[in-house]
Amino acid sequence: SDPHAAAQFTKGFYPVEAGSWRWTAGNFSVALRTPKNAPQNGARLILKFVIPDPVMLQLHSIKLSSVVNGLALPPEEYTSTGPQTYRRDVPAAVLKADVVNVDFALDKFLPSSPTDQRELGVIAKTVGFEAK
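In short, a report on the structure. Throughout this document, residue positions are counted from 1 along each chain, in the order its sequence is written. Side-chain atom pairs in this predicted model are given and counted only at pLDDT of 80 or more, local residue features only at pLDDT of at least 70, and totals for whole chains, interfaces and linings cover all residues. The basis for the side-chain values is all heavy atoms of the structure; hydrogens and waters are excluded.

Notes on the overall build of the protein chain
Link 1 in the chain: A helix here means a DSSP run of H or I that spans at least four residues, while a strand means a run of E at least two residues long, and both kinds are numbered starting from the N terminus. Within the protein chain, the secondary structure is distributed over two helices and eight strands.
Link 2 in the chain: A globule of 132 residues ought to have a C-alpha radius of gyration of about 14 Å, and the protein chain, at 15 Å, matches this closely.
Link 3 in the chain: By principal-axis analysis of the C-alpha atoms, the protein chain measures approximately 50 × 30 × 20 Å.
Link 4 in the chain: Only protein chains enter the accessibility calculation, which uses a 1.4 Å probe; a residue whose area is less than 20% of its type maximum is buried, one above 50% is exposed, and one in between is partly exposed. Counting all 132 residues of the protein chain, 41% fall into the buried class.
Link 5 in the chain: Residues count as neighbours in contact if any of their non-hydrogen atoms are within 4.5 Å of one another. Taking the contacts inside the protein chain whose residues are at least 6 apart along the sequence as the reference set, 67% of them involve residues at least 24 apart.
Link 6 in the chain: Accessible areas in this description were obtained via Shrake-Rupley with a 1.4 Å probe; residue shielding takes into account the shown protein chains only. Roughly 7000 Å² of accessible area belongs to the protein chain as shown, and the carbon and sulfur atoms make up 52% of that amount.
Link 7 in the chain: Positive residues here are Lys and Arg, negative ones are Asp and Glu, while His and the chain termini are left out of the count. By convention, the charge on Lys lies at NZ, on Arg at CZ, on Asp at CG and on Glu at CD. If the 14 positive side-chain charges of the protein chain are averaged to one point and the 12 negative ones to another, these points end up 7 Å apart. C-alpha atoms define the radius of gyration, and 2.2 Å times the number of residues to the power 0.38 defines the globule rule.

Description of the nonpolar core
Link 1 in the chain: Within this scheme, the nonpolar core is defined by two criteria: the residues are buried Ala, Val, Leu, Ile, Met, Phe, Trp, Tyr or Cys, and they are joined through side-chain atoms within 4.5 Å. Ranked by internal contacts, the top residues of the largest apolar core, which has 35 residues, are Leu-45, Leu-64, Val-68, Tyr-86, Leu-95, Phe-104 and Phe-129.
Link 2 in the chain: For this core, the elements supplying multiple residues, two or more each, are strand S2 (22-33), strand S3 (43-51), helix H2 (53-59), strand S4 (62-68), strand S5 (71-78), strand S6 (82-90), strand S7 (99-106) and strand S8 (123-131).

Some words on the side chain of Thr-24
Link 1 in the chain: Topologically, Thr-24 is positioned in strand S2.
Link 2 in the chain: Owing to a relative accessible area of 0%, Thr-24 belongs among the buried residues under this scheme.
Link 3 in the chain: Setting aside residues no more than four positions away along its own chain, Thr-24 makes contact with Gly-12, Phe-13, Tyr-14, Leu-106, Glu-119, Leu-120, Gly-121, Val-122 and Ala-124.

As for the pairing of S2
Link 1 in the chain: Summarising burial for S2: ten of the twelve residues are buried, a large majority.
Link 2 in the chain: Pairing between strands is defined by DSSP: at least two bridges between the two strands are required. Sheet topology places strand S1 (residues 9-13) next to S2; three bridges connect them, and they run antiparallel. Bridging from a neighbouring strand, Phe-13 pairs with Thr-24 of S2.
Link 3 in the chain: Bridge analysis of S2 against S8 gives two bridges, and the strand direction is antiparallel. Directly across from Arg-22, in S8, lies its bridge partner Ala-124.
Link 4 in the chain: Here seven bridges tie S2 to S7, and the two strands are oriented antiparallel to one another. Considered in S7, the bridge of Leu-32 is made with Val-100.

Regarding the environment of Arg-87
Link 1 in the chain: Structurally, Arg-87 can be placed in strand S6.
Link 2 in the chain: Taking the C-alpha atoms as reference, Arg-87 lies 5.6 Å from Leu-45; in sequence the two are 42 residues apart.
Link 3 in the chain: Residues contacting Arg-87, with those up to four places away along its chain left out, are Arg-44, Leu-45 and Ile-46.

Right, here's the structure in full:
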């Protein structure tokens, strides 16, 4: 919800709602600063998000995948509603720059409808790298 961080959301994020969260589209991207020692030690990518009941009722499961600076990380499938965490180790070799691009993709999402023109994926809460 920090307006200063909005520039990091490069694709597929909708405006802040309720002062604390954002819907994503089916594909969404961020530009993230790497931790201080990431070029030597790697880092951990962490996306905290929520899958609302209406999304899971219609889709039954969602698979989330990510690509960090061109390196595809293993996907994870989610089958329940509520708070979720996608956590993946990222090798040092792809974290040489101060800022790297991270692309996320959902295998399923709610398409736009007459009542909401947006495609709706998940509700993003936080995303970033954690030092290892």
